[in-house]
Amino acid sequence: MLANPKNCEMVILGHDGMGKLRLDGRCTLELKSKSNGDPDNGNEMEVIGYNFHEKLSILPSKHIVKRVVRMTDDVMASTLTSSSI
């Protein structure tokens, strides 16, 4: 499961040549402090480029919670058949 993107994180899509898109990776901002010795600037950051990562951010397994989703109101129904639709 993919994690939520951070600020200004981009997912890069590529084309496979057969009419389909594929995930190629992600880009994050490369930041540099903008203070230049001026204490009034505080924590201002300047974007100087992007860092490319081939792997996408994945949510840690301890945060994934599985849930049971029922398609009917019958609690005892284990499977959904065409006659019950």
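To be clear, the structure that these remarks concern was listed above.
Rules of the game
- Residues numbered from 1 in each chain as written.
- Predicted model: local features only at pLDDT ≥ 70, side-chain atom pairs only at ≥ 80, totals over all residues.
- Heavy atoms only, no water.
- Helix = DSSP H or I, 4+ residues; strand = E, 2+ residues; numbered from the N terminus.
- Buried < 20%, exposed > 50% of the residue type's maximum accessible area, 1.4 Å probe, protein only.
- Pairing = 2+ DSSP bridges.
- Axes fitted to C-alpha atoms, helices over the stretch in contact; angles between N-to-C directions.
- Salt bridge = Lys/Arg side-chain N within 4 Å of Asp/Glu carboxyl O.

*Asks:* It is not clear to me how the side chain of Glu9 should be interpreted in this structure. Could you clarify?
*Replies:* Considering the arrangement of structural elements, one finds Glu9 in the segment before strand S1 (10-15). Classification of Glu9 by relative accessible area gives buried; the value is 16%.

*Asks:* When you look at the sheet that holds strand S2 (residues 21-33) in this model, what are you seeing that I'm missing?
*Replies:* Sheets are built from strands that pair by backbone hydrogen bonding, the pairs being arranged parallel or antiparallel. Ordered by their spatial adjacency, three strands build an open sheet running S1-S2-S3, and the pairing between neighbours is antiparallel. Two strands bound the open sheet, and with one partner strand each, they are S1 and strand S3 (45-53). Between one strand axis and the next, the sheet turns through 35 degrees on average, direction left out of account. Relative to S2, S1 runs antiparallel, the two being bridged by six bridges. Its bridge partner being in S2, Ile12 is matched across the sheet by Gly25.

*Asks:* Got a minute to help me understand the pattern of salt bridges in this structure?
*Replies:* Between side chains of opposite charge, a pair can form when the charged atoms approach closely. Using the criterion set out here, one finds two salt bridges in the structure. The salt bridge involving Glu9 is made with Arg26; its shortest N-O contact spans 2.7 Å. With Glu9 in the segment before S1 and Arg26 in strand S2, this residue pair connects regions lying 17 residues apart in the sequence. Here Glu9 matches Arg26 in class, with each residue buried.

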